[in-house]
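Understanding the architecture of this molecule
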Amino acid sequence: MDILTHRDGPVLRIGLHRPDKKNALTQQMYADIAAAIAAAEADAAVRVMLIHGAPGVFTAGNDLHDFLSRPPRGADTGVSRFLHVLSRTSKPLVAAVSGPAVGIGTTLLLHCALVHAAEDARLALPFVNLGLCPEAASSYLLPRIAGYQRAAELLLLGEPFGPEKGRELGIVTAVVPAAELMEAATAAAHRLAGRPPAALRVTKALMKRALQPGIDAALEAEFRAFSERLDSPEAKEALTAFFEKRKPDFSRFG
Ligand code: COA
């Protein structure tokens with residue numbers, strides 16, 4: 001199993017566990033996380049979810065082999081189910097981030113209530129550099145959280161950034177030493193889980209009320225654009241270059 005779930009009292013821990021591929025997410029992994037969130041949603045005893053990777057690696061983002069060989073299409077893919085439940089769950093999510101958090105590894109954080117990042121965390125939104133475009137409603141949420149220019153810098157240049165910058169931008173709640181990450185994130189999840197659950201849920205729903213239509217519209221527009229981008233010669237060049245361990249050459253594209 002590449003996704004490990006573990007009940008810790010009222011907290012459901014969802015662990016990314018594909019160490020040989022830096023926790024790169026396959027369609028099966030997205031489907032498994034979606035199923036775990038849906039099960040947590042239906043289980044009154046679960047009050048909070050805590051998503052984490054391993055020390056030194058949160059996730060390398062979407063599996064790039066999958067992008068080339070089995071590009072996700074339509075509404076019934078693992079990733080679309082994941083994004084649907086992630087953006088709609090009524091229970092708060094906490095994230096613990098160490099090491100690379102690439103692509104969806106950063107965009108999923110925009111849906112979390114509390115994001116604890118280790119000092120070694122490296123966030124990145126490299127969609128443009130892969131010939132792709134943003135997903136997980138990040139084209140809508142990031143400009144709202146960080147402001148247009150700061151979102152544009154992250155999404156158009158796609159350069160990695162550290163946890164302190166993440167905190168300044170409003171994506172990261174707290175930066176902690178790597179050795180203290182899981183303890184800090186677990187304590188935060190349990191603090192949340194100790195709050196009255198119905199009050200937590202209604203407060204999350206009220207905060208999401210005005211945002212949800214924008215999130216839904218962004219997810220739909222991004223799915224369409226992303227699907228087209230996956231077929232583009234730019235994406236083919238970028239993805240092939242990654243596996244050939246060379247720099248991509250975009251000079252021939254107009
Ligand atoms: N999809 C599929 N395989 C991936 C992957 C991905 N997103 N990211 C890493 N891997 C694989 C590598 O191909 C390598 O496999 P191999 O051992 O069979 O050659 C293995 O995981 C280890 O990766 P490596 O690049 O050697 O690790 P690193 O510590 O030097 O770098 C990253 C880690 C995350 C910075 C780097 O792997 C990376 O940039 N990955 C791609 C990130 C990305 O663009 N994601 C898509 C976002 S939309």
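Residues numbered from 1 in each chain as written. Predicted model: local features only at pLDDT ≥ 70, side-chain atom pairs only at ≥ 80, totals over all residues. Heavy atoms only, no water.

Before going further, it helps to examine the site of the ligand. Near the ligand you find 14 residues, and of these K21, K22, A60, N62 and L64 are the closest. Between the ligand and the protein, one listed contact pairs an oxygen atom with a side-chain N or O atom of K22 at 3.1 Å. At 2.8 Å from a nitrogen atom of the ligand is found a main-chain nitrogen or oxygen belonging to A60. Within the complex, 66% of the 880 Å² of free accessible area of the ligand lies under protein. Of the residues that constitute the shell around the ligand, the class distribution is eight nonpolar, one polar and five charged. (Near = heavy atom within 4 Å. Polar contact = N/O pair within 3.5 Å; in protein donor to acceptor, adjacent residues only side chain to side chain. Areas by Shrake-Rupley, 256 points an atom, 1.4 Å probe, with all protein chains shown as cover. Nonpolar A, V, L, I, M, F, W, Y, C, P; charged D, E, K, R; others polar.)

Side chains bearing opposite charge may pair, as long as their charged atoms lie close to each other. Taken as a whole and assessed by the stated rule, the structure comprises 13 salt bridges. For the salt bridge of R73 with D231, the shortest nitrogen-to-oxygen distance reads 2.7 Å. Pair noted here: R73 is in the loop between α2 (64-69) and α3 (78-88) and D231 is in the loop between α10 (212-230) and α11 (233-243), with a separation of 158 residues, a long-range link. The class of D231 is partly exposed, set by a relative accessible area of 48%. In this structure, the salt-bridge partner of R246 is E237, at a minimum N-O distance of 2.8 Å. Residue class for R246 comes out partly exposed when judged on its relative accessible area of 35%. Classification of E237 by relative accessible area gives buried; the value is 8%. The structure contains a network of salt bridges with shared partners spanning E237, E244, R246 and R252. (Salt bridge = Lys/Arg side-chain N within 4 Å of Asp/Glu carboxyl O. Helix = DSSP H or I, 4+ residues; strand = E, 2+ residues; numbered from the N terminus. Buried < 20%, exposed > 50% of the residue type's maximum accessible area, 1.4 Å probe, protein only.)

Further remarks concern the packing of aromatic side chains. Overall, the coordinates contain four aromatic pairs when judged by the stated rule. Their ring planes at 80° and their centres at 5.0 Å tell us that F242 and F243 sit as a pair that is edge-to-face. F243 sits in the partly exposed class, given a relative accessible area of 34%. On the numbers, 6.4 Å between centres and 45° between planes, the contact of F250 with F253 is tilted. Note on F253: relative accessible area 21%, which makes it partly exposed. (Phe/Tyr/Trp six-rings, centres within 6.5 Å; stacked < 30°, edge-to-face > 60°.)

To continue, consider helix α1 (residues 27-42). An ideal rise of 1.5 Å per residue puts 22 Å on 16 residues; α1 measures up with 23 Å between its terminal C-alpha atoms. Where α1 is concerned, the buried positions are Q27, M29, Y30, A31, I33, A34, A36, I37 and A40. Here the buried face of α1 lies against β1 (3-8), β2 (11-16), β3 (48-52), α2, α3 and α4 (104-107). (Expected span 1.5 Å × (residues − 1). Contact = heavy atoms within 4.5 Å.)

On to the confidence of the model for the protein chain. Keep in mind that low pLDDT regions are not for reading the predicted coordinates in detail. Taken as a whole, the protein chain shows an average pLDDT of 97; of its residues, 100% reach a score of 70 or greater. Looking over the protein chain, one finds the lowest element-wise mean pLDDT in α2, namely 90, and the highest in strand β4 (residues 93-97), namely 99. (pLDDT = per-residue confidence, 0-100.)

Let us look at the environment of T77. Mapped onto the fold, T77 is located in the loop between α2 and α3. With sequence-adjacent residues up to four places away left out, T77 is seen in contact with Q27 and P72.

The next thing to look at is the sheet that holds β1. Judged by pairing direction, the sheet is mixed, and its six strands sit side by side in the order β1-β2-β3-β4-β6-β8 without closing on themselves. One side of each edge strand has no neighbouring strand; the edge strands of this open sheet are β1 and β8 (174-176). Pairs of neighbouring strands in the sheet enclose a mean axial angle of 20°, with direction left out of account. In terms of strand pairing, β1 meets β2 through six bridges, oriented antiparallel. Residue pairing in the sheet places I3 in a bridge with L16 of β2. (Pairing = 2+ DSSP bridges. Axes fitted to C-alpha atoms, helices over the stretch in contact; angles between N-to-C directions.)

This part is about a nonpolar patch on the surface. A cluster of nonpolar side chains, L68, F242 and F243, forms an exposed patch at the surface whose accessible area comes to about 260 Å². Take F243: it is sitting in helix α11. (Patch = residues over 30% accessible without salt bridge, like charges linked within 9 Å, V, L, I, M, F, W, Y side chains within 5 Å.)

Attention now moves to the pairing of β3. Judged by how many residues are buried, β3 sits mostly within the fold: five of five residues are covered. In β3, alternate side chains face the same way, and those of V48, L50 and H52 on one face and M49 and I51 on the other are all buried. You can see the chain leave β2, run along α1 and come back into β3, and the turn it takes is right-handed. Direction of pairing for β3 relative to β4: parallel, over a ladder of four bridges. Pairing of L50 across the sheet is with V94, part of β4. (Right-handed = clockwise from strand over helix to strand, strands pointing away.)

This part takes up unusual backbone geometry. Despite not being glycine, N23 shows a phi value in the positive range, around 60°. Taking relative accessible area as the criterion, N23 reaches 1% and is therefore assigned buried. One non-glycine residue, K245, lies in positive phi territory at about 50°. Looking at the secondary structure, you find K245 in the segment after α11.

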